[in-house]
Every structure is written in structure tokens, then in C-alpha cells.
Amino acid sequence: MGEFKVHRVRFFDYMPSAIRSMAFNSQTERLAVARADGAVEIFNFADNYFQEKQIIAGRDGRSIEALCWVGCRLFSAGLDGEITEYDLENLRPRYSIEAYGGPIWTISSNSQGMQLAQAGCEDGTVKMFEVLEDRIQFQTNLSRQKRIISLSWHPSGAQIAAGMMDMIKIFDSETQATHRLLVDRGVGTSKSQEVVVWSVAFLSDHTIISGDSAGKVQIWDGLTGTLIRTHLVTKWDVLVLAVSQDESSVIAGTSEGTIVQFQFLSSAVGQQDKLWVQTRTLKNHSHDVRALVHTDTAVVSGMDTQLVVRPLLDKVEKYSQESALRKIAFPHLLQKNLVSCAKKAGLLLFQFPDHLELWRLGESDRNTPGESLPVKRKPEKLIQLKTKLQGEDHICCSALSPCGSWLAYATVAAVRLYRLQLSSNNVSIQKLPRELKSVHQLCFSSDSCRLFASSSFSSVVVVALDQTDCKYLHTLKHKSSKQPIHILSPSEDGQWLATANTDCEIHVFNLRKMKLHCSVPAYSSCPTAVSIHPTSGNLVSVHADQQIFEFSLKQKEYSEWSRQLQRQGLHPLWLQRDTPVTQITFNPNNPAHIMLHDVFMFCIIDQSLPLPEAKSKFYNQRILRSLPEPQRLRESHAFKACKNFQHLLSVNLLEDLSLVVVERPLVDIVSQLPAPVRQKLFAT
């Protein structure tokens, strides 16, 4: 596999933000996720649950309480009292309008996608907006009520159910007539204590399902206003409800971190009458469950920052990707920007929401294989760069040049470039060309003389850098997709720049001629990592479905190794992995080695060895070394996997051929979370 001196870095205290809201688009199979810091992420469920877009990196004071899809358009509402529509191509807010109703707790659209209903928390009105082609327009106010917490449209679009304090109100969207359903406080509750209806669901047969702060899930007849059944599922709060598309199943999330499923079933075999029956209780979270989506699976998230995809299959005969439990600990695209490495200078740049930290790696004077080496010089924090004033946008991407002399970062609104002189502790800001405005990704060339920035409409701005100045050179464009570029990968010799966008396209530009060289044949799954081999000049890509390709830039066709890999197929254990490869690098001392990693595994692919057969064992290297030599030789194949590390954020190869492994163990993240609001104790 190869021997490396490894710098294990665990002093990057990255903390993902809690998830506050989710919305699923069943037409495009996209899940939108809003975090407590205002960040919005888009996951593609049809492409192995890969996070394909990071719209904005958040902002101080921007708390998103609700998300809503209207066709392919995404809207959000929050405590700032504004409704925001997002530009999904340029990854930024398109516009925001004031609703003039105070903080907004919930937002919902009718099934026709023509009207958007929004509840204002402070003045108690339900505000109706008409969805136009390029904006939304205020239409009317429904009658003022108590503070409104939750909303649900009837599938016909004629009525709206609104959850509030101590009651549920049903509005007629045309006549504005209302009638109310009173929610009882529950057994043993003080009469002075209000019950908050946190979530409501309005079904097509006019059944209304509610979840409240008394721990009840209640079933109502929306036509007569009568209570049909009460399920007491927790001593604490039922925070959120989600209904399956066929309305045969409902899941409820609680402040204990549990999820309770209800199904519409016959009370006995052969009977026509059906009841809502509590069928199972699941627990995958340590903290409050604040957001739920019910597809064929249960998608659960909350205050413990993880996105959990939990299958709700009644019977599992064999393991498959559909029956697997998935936990997404870190946003996939954000991982690429969290850590930048200056390979020639031995420096690391850590990205936080509101500042950057520059560290120098430690040193050891020994090289004993297989041992933990004593530290001769400890890692040292050189710079902490505050990047914003109070209330400005958070950082969306950053980069450090290989020589360690340039540092760049971007927010939604601005880009900053700094010249670093570490010997004299001097940091100076450089004025950037006006062409560099909206940026999604940043990257430096291997000689640190150029800065590449992916910009709007799938273009790349090239900026030349020298000791004293920077100037605009060219904008690289192609005529196909306008989807945002999420990967920039320059070659070591400075001739090529590979780009990948969320339309699954990979384009390669010739930087000497400043024009498109070729496009890699389109593949159905989105690229998650792309890199150009420094010796062969071949482009290696890994995709969300775990497939690997090697494309010759000289011949403009797939290499023979890549064709053989596709003919034979990848090992089943490789394909069953549920975390994407986020980084590819190469060993200059061994051109046959391709090094890549995901969150849980570091792997070296040795192209000189045979590919693994489907029935061969996919050993971890620690197990393989413990086998007798004859068996070890028989079991040896091209894929050398190492699982000694915990929750990898970044793996880089320095100029002295030592590895820098940045880990962020999930245990450390959980230990820094606030205590659960409600924690169930044994026998209580």
C-alpha cells in the first residue's frame, strides 16, 4: 500500500449547524435542508442522496423556520419576517420581500403551485401570496387569529388548516369562512398552560392530524370538527408531522429524539373500516427532531446536526441500498471547502462560518514505521482572520495557495484576496478585478500564479497573481449547462483545468490557449471528486454512485484501465458505501497509485495490480497484514483500504510525501452540543 509519515490533525473544531427545516420535491426528488445559521442545502435523492448544491452559507440573524417548493422554485421564511426565493443556478437569494406580519413560523403552498400561504407569528394573520413567473405578489389577508404556528393546505387547495395556541382553525381560501377545533391540554396539565399545536396535516378525505406540546397526536374529522382519536406518544412535545404521498402513513418527531409511525390499517382482517394505528417507534437522534420528510423512507433531522435516512420497510429479506440506514454527518460540498492545504509550505487553512484560521503543522525528528512519533515542534496557529462585520454573510468557500503566500475567501456578496508574508507577520489585502463578484468555488494553480473562481452561469474567472498585483486574464465558458460548478481541479503542469457541474458534466480547459479542450462523455451520476494525474495527464473522476472513470486528455477517450474496470465492475462492498469520495490525489513517487477518501475510509488504488473479483474479500489493510504471506498474496488486489481514521474531512500529500489527515470525530461534535431539551430516562 505504501508507507507515509502521517500528520493526524484533530484540532479543527468544526461544528455543523443544527437542522431546522426540510422540504422534499417529489417531482425532482430533491430535498432542501435549512440549518440554524441560515444555510440552505439541496440533496439529490435520485443520485445516491448526494448533496449537489450549497445555496448560501448562512448569515447572522437569518433563522430559517420553513422551506417550501413550488414546482422547481424554492422559498423560505423565517423570524426576520421575510419570504425569500432562491436562485438555484447562481446559488444565492434571488429576492426577499417583507410580509409585514412579524416573525414567520411556517410557509406552505397549495398542490396547484399557484398560491403561497404564509403565517405571521406576531399579528396572527395568514397571508396569501400569488406565485407569478418571476416573483410572488401579496394577494389577501385571512382573518386575524391567535399566533399561528403551523399550516397545511387541503390537497384541493380550497381550505387551510392552521395550528395555534389551544386550537386548530380551518379557513376557506375563497370565502375566508372559518371554524375551529379546540385542543385539550391533556391530563395533569395546568389550566393556565397553553397547548401549542406545533404541526398539522390536512388529508384529502378531510382528516386533520395534529401534534402538540402536550405530547399528543390527534386525529380529527375536518368536516364535522369532531375528535376521532388521541394518541399520547410522549410526555413532552410532538414537534413535527410528515405524511406519505399516498396518505397511508404518518410519522411524528418528538423532543425526546424519537420518531413514531402511524398507519391507516383495518382493525381486523377482512374488515372495511380503517383506523390510524401506532405501529412503530424509532430513535436515531440524541436531541430534538425538528424536521421530517416522509417518502418511501423517513428522512429525519434535528438539533444533533445529522441527516438520517431511515427505511420504513415492513420486511427486509436481504441487505440492499434501499434497506440501509444512512447518516449524513457533514454536508458533502462543504467538506471540500473546510480545509485547504499549502503543500509546499506545510500550512493548513481552516474555514469557520465567520473567520479563518491558518496553522503551521508540527514536526517530528524520527521516522520509525508503525509507531506514534514524538512531536519535536507543536502545531502553531499563525493567523486568525476575522472575515466580517456583525450581520454580514458567512463564508461560502476559501482557498490557500500551495506556496502559502495567498489566501482567498468568498461570501455570497463579496470576494477577498490576501497576500501573506509570514516571516514578518504581515497580511495585506489585494484589490480584485471587478469581474470577480459572485463566486461558488476558489482554487489556486500549483505554481500559485493564478486564481480560479467558479462564477455565475457555469463560468470560471481566471486571475493572474504576482508579487505586488493581481489582474483579470480571462473567463472560461462552455455552451451547454448553466448549472453551478462545484469542482475545480487544475493540473500540476498548469496546462489544464477540469471543472464539474451539477448537471453531471465535466469540462477540461486548455489554460495556455484559454479555451475548451474537451468534454468528458456525460454520465448519469454527479461527479463528487475530479483530479488530473501529474504524469499520465489522465483525468480521474469518482461519482455519487461510487463509479470510477479514467479519461485520457490526449486521446480524448477513456483509458484501457477504465474500460476494463467497467467491463469487470467494481466490488459490491465498494458500491454499497453510502458516503461519497470527496478528494483524489496522486503519489509522485508511484504513478500507479491513486489516493482517495470519503468520510470513513482512505483508499489507495494500485493500477498495476489486478482488480478485485466480486467474490474476493475486501480486506482492511490492518487485517490483510495479519494474514500468512501466501494467503496475503492470494487476497491482494488493486484496492487498498484503510479505516484507521475517524470522520475524515481532508487528506493531502505534502511536498515531502507525508500525509496530512484532518479528522473530526463525531463523538467530539456530540460532546459540544447543548444538552437535550427533553431526555427520556430508564423506567420513566
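Residues numbered from 1 in each chain as written. Predicted model: local features only at pLDDT ≥ 70, side-chain atom pairs only at ≥ 80, totals over all residues. Heavy atoms only, no water.

The name an unreviewed UniProt entry gives the protein chain is UTP4 small subunit processome component, with Poecilia reticulata as the organism.

Quick look at the overall build of the protein chain now. Secondary structure assignment for the protein chain yields six helices and 55 strands. Long-range pairs, those at least 24 residues apart, make up 48% of the contacts in the protein chain between residues at least 6 apart in sequence. (Helix = DSSP H or I, 4+ residues; strand = E, 2+ residues; numbered from the N terminus. Contact = heavy atoms within 4.5 Å.)

Moving on, we get to the environment of N510. As for its position among the elements, N510 is in strand β44 (residues 506-510). Accessibility expressed as a relative area gives 8% for N510, which makes it buried. A C-alpha to C-alpha distance of 9.2 Å links N510 and A498, two positions 12 residues apart in sequence. Not counting residues up to four positions away in its chain, the partners in contact with N510 are Q495, W496, K515 and H517. Only 2.9 Å separates the side chain of N510 from the backbone nitrogen of R512, close enough to count as a polar contact. From its side chain, N510 meets the backbone nitrogen of K513 in a polar contact 3.3 Å long. (Buried < 20%, exposed > 50% of the residue type's maximum accessible area, 1.4 Å probe, protein only. Polar contact = N/O pair within 3.5 Å; in protein donor to acceptor, adjacent residues only side chain to side chain.)

Under the definition given, this model contains 16 salt bridges. For E65, the salt bridge identified is with R290, shortest N-O distance 3.7 Å. Taken together, the residues E65 in strand β6 (residues 64-70) and R290 in strand β26 (residues 289-294) connect sequence positions 225 residues apart. Through salt bridges that share partners, R73, E85, D87 and R94 make up one connected network. (Salt bridge = Lys/Arg side-chain N within 4 Å of Asp/Glu carboxyl O.)

Next up on the list: the sheet that holds strand β15 (residues 159-164). The four strands are arranged β14-β15-β16-β17 in an open sheet whose pairing can be described as antiparallel. Taken across any chain shown, the strands that pair with only one partner, and hence form the sheet edges, are β14 (148-153) and β17 (178-182). The mean inter-strand angle of the sheet, taken between neighbouring strand axes irrespective of direction, is 20°. Sheet topology note: the β15/strand β16 (residues 167-172) ladder contains five bridges and is antiparallel. Residue pairing across strands places A162 opposite K169, the latter belonging to β16. (Pairing = 2+ DSSP bridges. Axes fitted to C-alpha atoms, helices over the stretch in contact; angles between N-to-C directions.)

As a further point, take unusual backbone geometry. Phi is positive for C504, close to 70°, though the residue is something other than glycine. Along the chain, C504 falls in the loop between β43 (496-501) and β44. By relative accessible area, C504 is classed as buried at 14%. Not every positive phi belongs to a glycine, and Q546 is a case in point at roughly 75°.

Let's shift gears to the pairing of strand β18 (residues 197-202). Consecutive side chains along a regular strand alternate between the two faces of the sheet. Within β18, five of the six residues are buried, which leaves it mostly tucked inside the rest of the structure. Taken together, the five bridges between β18 and strand β19 (residues 207-212) define a ladder with antiparallel strand orientation. Paired with V197 across the two strands is D212, which belongs to β19. From the end of β18 to the start of β19, which pair antiparallel, there are four residues, and H206 there has a positive phi angle of about 70°.

On to the pairing of β44. Taking burial as the measure, the five residues of β44 include five buried ones, the bulk of the element. Side chains I506, V508 and N510 of β44 all project onto a buried face; the interleaved residues H507 and F509 project onto the opposite face, where all are buried too. Connecting β43 to the antiparallel partner β44 that follows it, the hairpin turn spans four residues, and C504 within it adopts a positive phi of roughly 70°. Bridge count between β44 and strand β45 (residues 515-520): five bridges; the pairing is antiparallel. In the strand pairing of β45, F509 is matched with L516.

A separate point is helix α2 (residues 560-568). Every α-helical turn comprises 3.6 residues, leaving residues that sit three or four positions apart pointing alike. Turning to α2, its buried residues number three or more, namely W561, S562 and L565. The buried residues of α2 occupy an angular sector of 100° when projected down its axis, which confines them to one face. Exposed residues on α2 whose side chains face more than 90 degrees from its buried face are E560 and R567. On the buried face of α2, the contacting elements are β48 (548-552), β49 (557-558) and β52 (602-606). (Arc of directions from axis to C-beta.)

Let's shift gears to the sheet that holds strand β46 (residues 527-532). Strand order in the open sheet formed by four strands is β46-β47-β48-β49, and the pairing between neighbours is antiparallel. Strands at the two margins of the open sheet, each flanked by one partner only, are β46 and β49. In the sheet, β46 pairs with strand β47 (residues 538-543) via five bridges, with the strands oriented antiparallel. The residue bridging S531 from the neighbouring strand is V540, located in β47. Packed onto the sheet, α2 meets β48 and β49 and runs at close to 150° relative to β48.

Considering the arrangement of structural elements, one finds S150 in strand β14. Reaching out from S150, the side chain makes a polar contact with the backbone oxygen of V197 at a distance of 3.1 Å. Those residues within four positions of S150 in sequence are excluded, and the remaining contacts are T106, A161, A162, G163, V197, W198, S199 and V200.

This part is about empty space enclosed by the protein. Following the criterion strictly, the structure yields four cavities of 30 Å³ or more and no others. Here the largest cavity defines a volume of roughly 210 Å³. Forming the walls of the largest cavity are 21 residues, and the residues nearest its centre are Q54, L91, C396, H440 and Q441. Elements with a minimum of two residues in the lining of the largest cavity: β5 (50-57), α1 (332-338) and β42 (485-490). For the lining of the largest cavity, the element with the most residues is β5, which contributes six residues. The space that makes up the second largest cavity amounts to roughly 60 Å³. K327, I328, A329, F330, H332, Q335, D578, T579, P580, V599 and F600 are the residues that line the second largest cavity. (1 Å grid on protein atoms, 1.4 Å probe; cavity = no way out; pocket = protein on both sides within 12 Å on 5 of 7 lines; lining within 4 Å. Points joined across faces, edges and corners; volume = space filled by probe spheres on them.)

With that out of the way, let us pick up the packing of aromatic side chains. Taken as a whole, this structure holds 15 aromatic pairs when the rule is applied. Arranged with centres 4.4 Å apart and planes meeting at 10°, the rings of F12 and F350 form a pair that is stacked. Taken as a pair, F12 in the loop between β1 (6-9) and β2 (19-25) and F350 in strand β31 (residues 347-351) lie far apart in primary sequence, 338 residues in all. For F12, a relative accessible area of 0% corresponds to the buried category. An aromatic cluster is built from F11, F12, Y14, F330, F350, F352 and W359, whose rings are joined through pairwise contacts. (Phe/Tyr/Trp six-rings, centres within 6.5 Å; stacked < 30°, edge-to-face > 60°.)

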